[in-house]
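Topology and contacts: notes
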Amino acid sequence: MESRDISDALSLIEWMKQSHLNALHLRMGSLILDLKRYAEEERKADMDSAENIERQAGKPILSPRLGIFFRSAKSEDRPLVEIGQRVQADDCVCFINVLDQRYCVTAGVQGRITEYFAQDGQLVEFKQPIFAVKGQESDEIKQP
Amino acid sequence: MKKIKSVLVANRGEIAVRVIRACQALGIAAIAVVSEADRESLPAKMADRVLCIGPAQATKSYLDIPTVVTAALGAGTDAIHPGYGFLAERPDFAETCVKHGLIFIGPKALHIRQMGDKLLAREMAAALHIPVIPGSCLVRDLQEAASFGEKTGYPLLLKAAAGGGGRGMKILQGPEELKSLFNEASAEAGAAFGDDRLYIERYVPHARHIEVQILGDCHGNVIHLFERDCSLQRRYQKILEEAPATVLTPEQRLEVCEAALLIARHIRYESAGTVEFILDQDEGRFYFLEMNTRIQVEHPVTEMITGLDLIQEQIRIAGGQPLRYSQADITTEGHAIECRINAESPERQFCPSPGRITQWQPPKDPLVRVDSHCYEGYVVSPFYDSLLAKIIAHGKDRPEAVERMQTALSHFLISGVETTMPLHRRILMDDAYRAGKIDTCWLEKVFLGNAKA
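Reference entry: report on the structure contained in this document. (Residues numbered from 1 in each chain as written. Chains lettered and ligands numbered in written order. Predicted model: local features only at pLDDT ≥ 70, side-chain atom pairs only at ≥ 80, totals over all residues.)

1. Observations concerning the interface of chain A and chain B
Here is the rule we go by: C-beta atoms are first placed from the backbone for all residues, and any pair lying within 7 Å is then listed as a contact. The classification used treats Ala, Val, Leu, Ile, Met, Phe, Trp, Tyr, Cys and Pro as nonpolar, Asp, Glu, Lys and Arg as charged, and all other residues, Gly among them, as polar.
Taken together, the eleven residues of chain A in the interface contact twelve residues of chain B. When grouped by side-chain class, the residues that make up the side of chain A that touches chain B number six nonpolar, two polar and three charged.

Shown next as structure tokens:
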């Protein structure tokens, strides 16, 4: 995959955000792009089922505690992980704040982040899926 | 004070159901927090929103203060009701709620702390000229306990300064028992409360446990809702409670209710609370025991005879409303009995009996109330206390309430787990119980003692 393809894909995502489309399936050579817009209800329903996530997006990373979810230490910082990024089992992928305590959540598995299910500042429950990770074997995005 | 629009229920089991019902009656949203083991529980099904706060172990879920408070803040609730047990009498919990802008539906942290130190509470009662059991003093070591015994004579009672529920409590029949029981009590208290200090007092052999229900608001109004008799106990755990206490003369009732009011007024107590006394039946005298700064398990018997809803009143008080009743408004009607039905086997030393409830058919009688979180198919978890249901029966007098309870117990069908219902049926048939000739030791020493032989 070339950098041109990535920037094309990113602009497509931006374009879709502005559009009224709910889903987009696109194949450009070796690049396959599957975009789906989640209504709030749907997102929640999907979150409820860890099995569902495993089937669709990969192995879920579950929140080890109830708390407030943050993808970065400070709001101006870049998120610790982005979709598509490779993570090791002991990589910190997000923070969960419980009152004055901040806990780092490690991926627990090795693979590529395919999805995140919570927004900054959102309350997440104990064992709520917060990310999905796909391992190398089932990695659908082919390396060049 | 802001209006309470939503309440987080920081508890489980029947009291969580009870609090959710009170919220629903007041048009307030109820948010349940559950451990992983309680995801399928009735509170989870009834609440407007459910949040899973942690694993089954209570220390990592129901007892985890930062997590419970974060759940309340994250869900945008206005207030937290602690129920009884768990965090209900933890002053640091009440403080943390207030610090984060949440209303704690209960007394002030200061009151919980004041009354939580049993020795300080006794000193306060004594200063108000309320009788306390002779002797009550802290004993530092065996020698001090021995000299106290020589001075006042036996039997004596050793108690944990920090606790309740019978842990660290030992009856000393004579000086020869002192050495072993003192060390046992001290170790038990240390293990249960992290505080091995003990106090010693004269043991009252033919005692009744009488307690007075109190309601106070933040405007300085305090009323009592008369008394309950909770003398039927096993290992200091109440089994069956009644209201009113038929053993009392009108003068004694007045005396004990006034004493409870005196303490509550003195500290300007807010919310529902209970002042406990020991009635020495041989001498006809009351002694202050302790004050519990929470709603109690047995609160429904008071509700049945007064017609008030104590949880709803707690919520109103926490919202800053003045009490809706003056003392003159509080009257009682008839008699109420509560049986605590536990998933335990009375035949096997009250060993817990967890498992799936395969049949659950509560009695249908408008004068019988069943407070429970159970249903057909519910799995009674081994992680928590074994209370399945409280059956509360009302009658125009005590004999009618006893009869109604008998009928209710015989119509209550529970299968899948063993319960203490057979024990309650036998108690209600007992002549000594029916005649009211019992004391706090009767159930264990006489009734169960006889049953064993």
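From this point, things continue past the structure.
2. Concerning unusual backbone geometry
Residue and element names in this part refer to chain B. Our working definition: A run of DSSP states H or I qualifies as a helix once it reaches four residues; a run of E qualifies as a strand once it reaches two. Both are numbered from the N-terminal end. Counting other C-beta atoms within 10 Å of its own, a residue is labelled buried from 20 upward, exposed at 12 or fewer, and partly exposed in the gap between, with every C-beta atom placed from the backbone.
Cis geometry marks the peptide bond from Tyr 154 to Pro 155; its omega dihedral reads 0°. Secondary-structure assignment places Pro 155 in the loop between helix H7 (142–152) and strand S7 (156–160). Residue Pro 244 is bonded to the preceding Ala 243 through a cis peptide linkage, with omega at -5°. Examined against the element boundaries, Pro 244 turns out to sit in the loop between strand S12 (237–243) and helix H9 (250–266). A positive phi angle is found at Arg 268, which is not glycine, with a value near 55°. Assignment of secondary structure puts Arg 268 in the loop between H9 and strand S13 (271–280). Positive phi, close to 50°, is recorded for Gln 349, a residue that is not glycine. The topology assignment puts Gln 349 in the loop between strand S16 (344–345) and strand S17 (351–352). Overall, the presence of 8 C-beta atoms within 10 Å leaves Gln 349 in the exposed class.

3. Describing the sheet that holds strand S10 (residues 207–216) of chain B
Residues and elements named next belong to chain B. As a reminder of what qualifies: Here, strands pair whenever DSSP counts at least two bridges between them. Fitted lines through C-alpha atoms serve as axes, helices being fitted only where they are in contact, and the angles separating the N-to-C directions of these axes extend from 0 to 180 degrees.
The strand order across the open sheet built from eight strands is S14-S13-S10-S11-S12-S15-S22-S20, with neighbouring strands paired in antiparallel fashion. The two strands at the open ends of the sheet, each matched to only one other strand, are strand S14 (285–292) and strand S20 (368–372). In this sheet, neighbouring strand axes are inclined to one another by 25° on average, regardless of whether the strands run parallel or antiparallel. The strands touched by H9 within the sheet are S10, strand S11 (222–234), S13 and S14, with S11 carrying the most contacts at an inclination of about 115°. The strands touched by helix H12 (residues 398–411) within the sheet are strand S15 (335–342), S20 and strand S22 (387–395), with S22 carrying the most contacts at an inclination of about 140°.

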